[in-house]
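Structural characterization, general
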Amino acid sequence: MKILYATSEAVPFCKTGGLADVAGSLPAALAAEGAEVAVVLPLYRRVRERFGSQLTFLCYDYVNLGWRHVYCGLFSLEKDGVTWYFLDNEQYFDRPDLYGYMDDGERFGFFSRAVVRMLDHMAFWPDVINCNDWQTALVPIYLKDDGVREDRFRSIRTTLTVHNIEYQGRFNPYVLGDLFGLDAGWVEDGTLLMDGDLNLLKGAILCADAVNAVSPTYANELKMAYFAHRMESVMRQCEYKLYGVLNGIDMERYDPAKDPSIAANFSAEDMSGKDADKAHLQRLAGLREEPHVPIVAIVSRLVSHKGLDLICEVLHDMMKLPLQLVVLGKGDKKYEEFFHWAAQQYPGRMSVRLDYNEELSMAIYAGADLFLMPSKSEPCGLSQMIAMRYGTVPIVRETGGLKDTVHPYEAWRDAGNGFTFANYASNDMLHVIREAVYLYKDYPDAFGRLRKRAMECDFSWARSAGEYLRIYAGVTGQVWPAPEAAPAEEAPAAEAASPEAAPATPAEAAEEPRPFEEPAPAAPPAPKAVPAEKAVKKAPARRAAKKTVSPEKAAPAEKAPAVTAETAPAAEPGKRGPKAKGAPKAAGKKAAGETKKKGTAAKK
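On a predicted model such as this, the values are computed, not experimentally measured, just so you know. (Residues numbered from 1 in each chain as written. Predicted model: local features only at pLDDT ≥ 70, side-chain atom pairs only at ≥ 80, totals over all residues. Heavy atoms only, no water.)

**Focus: the sheet that holds strand β10 (residues 197–199)**
The line we're drawing: Strand pairing is defined by DSSP finding a minimum of two bridges between the two strands. Helix numbering and strand numbering both begin at the N terminus, where a helix is a DSSP run of H or I of at least 4 residues and a strand a DSSP run of E of at least 2. Contacts: residue pairs with any heavy atoms within 4.5 Å of one another. Think of each axis as a best-fit line through the C-alpha atoms, taken over the contacting stretch in the case of a helix, with angles from 0 to 180 degrees between the N-to-C directions.
Taken in spatial order, the three strands of this open sheet run β8-β10-β9, and their pairing is antiparallel. Each edge of the sheet is formed by a strand with only one pairing partner; in this case those strands are β8 (170–171) and β9 (193–194). Two strands pair when backbone bridges link them, and β8 and β10 are joined in this way by two bridges, in the antiparallel orientation. Its bridge partner being in β10, Arg170 is matched across the sheet by Asn199. Seen against the sheet, helix α8 (residues 200–207) touches β8, β9 and β10 and runs at an angle of roughly 45 degrees to β10.

Structure (structure tokens):
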């Protein structure tokens, strides 16, 4: 399976948030599972400055964006079994920051357009392109638009990963042609129109073959008005292709037993180094060196949806408890001023750093005892996973990925890996903070077992990568795992790739039960999207792939048979190969019969 991962940031090249961590880890995990993976992102100034000597110039071409005819260079780099492509245009990307410019719409419109038009110059023609957030939301739209005129683009399937639906890429609808080079019909038919604005994320959700949120709970929350930022009707409309796949973290990078950036290494079996890290943090943050007082840590952007209002309401009550508090982050001015003032009220017990420092953040993860994350909404969250990896027990509100990763402590059966509260209420938060502090001080053995369970949680990308590959298999109609591992005679593509056979969320594969039991909804039967006559006559093995493509925009089945790695022509990747001849007749008849029955029901 050939996968192209399109993203606007990725570690170690460039980072502003959690998207970069995901884009830096997931492709390598997919490659480790046997997929052929490439990543494409802009060639920012900071990428050129740090990695320019390692980049290989491949070629250049010109990309048409509205009335503009724009240069685009293509560079590459091989790393961890993944090919990294960088699209170069100094006018758009030779700037100090990644985002925050008045022409961000044009910049990422160019990037999305270049992703599609530069496919001919890349090493392989992708089976699926995984897009991320609004910065690459135009990729599925451009593929649909170009596919009307160029048949080769119809073979590519798309998935869209929603990391945070709050950021949607909204513009004035009158700039559609000049800015993005699209016909006004995309707005007039409602595909790109939302509340009077041009909404790129909405268009991508409607046009993509599959949509996945970054946790199972967040996938369900996106259908609720409280979380969806006015997109709930669109998400409910597309729930048949909505999945929830929990993000992971790089378990090698965040390993307290090997991490060179912390003062002392430790593990779940030998926690002696944790005490040294705690003493180092207290000295670094200007706190009193009191080994038996728990340190509560906050490493976060200081914005409202992180639940900081709750902390502001009960901070004085928190500081009455025998604890120390350390805060690292920057954001809204009102929160920065509040925490700066509060730190002056509690010298030696409260430390605040209003910036972001990677070295200090790792010292906090390693040296703190409790990690406070009372988010109002949290699509996935990586901080709580990193904290648990370093033996810092999380205190979180049950929302999004926090609910999927942190299981509440239950003293009666000595279970759980953290502390949770459900209501967005400061008193509820204060109650669980008090419970955590007194468990640390009064029952150190129980707290030690809780800490060990947190450290032993598996948040690796291996599990999540398998879920992504099953989604890709569902939209492409390919068999996954490869036929060598599961012979086609035993598992026909139509059955192996169907959403009924593949779990929609990674929660079902977890060893221990999650608080959230209901998986993200699976897609309905394929005949809803594909007429039964075509499914019978053409390619029954591709029924699952057709479920997310509307009949009006889908390629005719006789022009787009399933292409496998063995039959795909190397010299002309955009063309279709001949129809596969090796499919068992009996399996084909069975699939055709099932399609006829389902097709009749769908028509009714």
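**Re helix α12 (residues 272–285)**
To keep things clear, this is the line we draw: By definition here, a helix of n residues has an expected span of 1.5 Å times n minus one. Partly exposed residues are those whose accessible area sits between 20% and 50% of the maximum for their type, while under 20% is buried and over 50% is exposed, using a 1.4 Å probe and protein chains only.
Helix length check: α12, at 14 residues, gives a terminal C-alpha distance of 21 Å against a target of 20 Å (1.5 Å per residue), a fit within 8%. If you check which residues of α12 are buried, you get Gly273, Lys274, Asp277, Lys278, Ala279, Leu281, Gln282 and Ala285. Two residues or fewer past α12, Gly286 is found with a positive phi of approximately 75 degrees.

**Examining helix α5 (residues 138–147)**
Burial analysis of α5 places 10 of its 10 residues in the buried class, which makes it a mostly covered element. Taken as a whole, α5 has its buried residues at Leu138, Val139, Pro140, Ile141, Tyr142, Leu143, Lys144, Asp145, Asp146 and Gly147.

**Topic: the pairing of strand β1 (residues 2–6)**
Each regular strand shows side chains that alternate between the opposite faces of the sheet. Spelled out, the test is: Look down the strands so they point away from you; if going from the first strand over the helix to the second traces a clockwise path, that crossover is right-handed.
Where burial is concerned, most of β1 is hidden: five out of the five residues are buried. Across the two faces of β1 the burial is the same, with Lys2, Leu4 and Ala6 and Ile3 and Tyr5 all buried. By the bridge criterion, five bridges tie β1 to strand β2 (residues 36–42) in an arrangement that is parallel. Within the sheet, the bridge partner assigned to Tyr5 lies in β2 and is Val39. Regarding topology, helix α1 (residues 18–32) serves as the crossover connection from β1 to the parallel β2, and that connection is right-handed. Here β1 pairs with strand β6 (residues 128–132) via three bridges, running parallel. By the bridge assignment for β6, Tyr5 is matched with Asn130.

**Some thoughts on the environment of Ala137**
Mapped onto the elements of the fold, Ala137 is located in the loop between β6 and α5. Once the C-alpha coordinates of Ala137 and Val162 are considered, the two residues, 25 residues apart in sequence, prove to be 9.9 Å apart. The contact partners of Ala137, leaving out residues within four places of it in the chain, are Ser112, Leu200, Leu201 and Ala204.

**Some remarks on the pattern of salt bridges**
It is possible for side chains of opposite charge to pair when their charged atoms get near one another. Rules: When a carboxyl oxygen of Asp or Glu lies within 4 Å of a side-chain nitrogen of Lys or Arg, that pair is called a salt bridge.
Tallied over the full model, the rule gives 33 salt bridges. As a salt-bridge pair, Arg152 and Glu150 come within 3.1 Å of each other at their nearest N and O atoms. Accessibility expressed as a relative area gives 24% for Glu150, which makes it partly exposed. Linking Arg253 and Asp259 is a salt bridge whose minimum nitrogen-to-oxygen distance equals 3.7 Å. By relative accessible area, Arg253 is classed as partly exposed at 32%.

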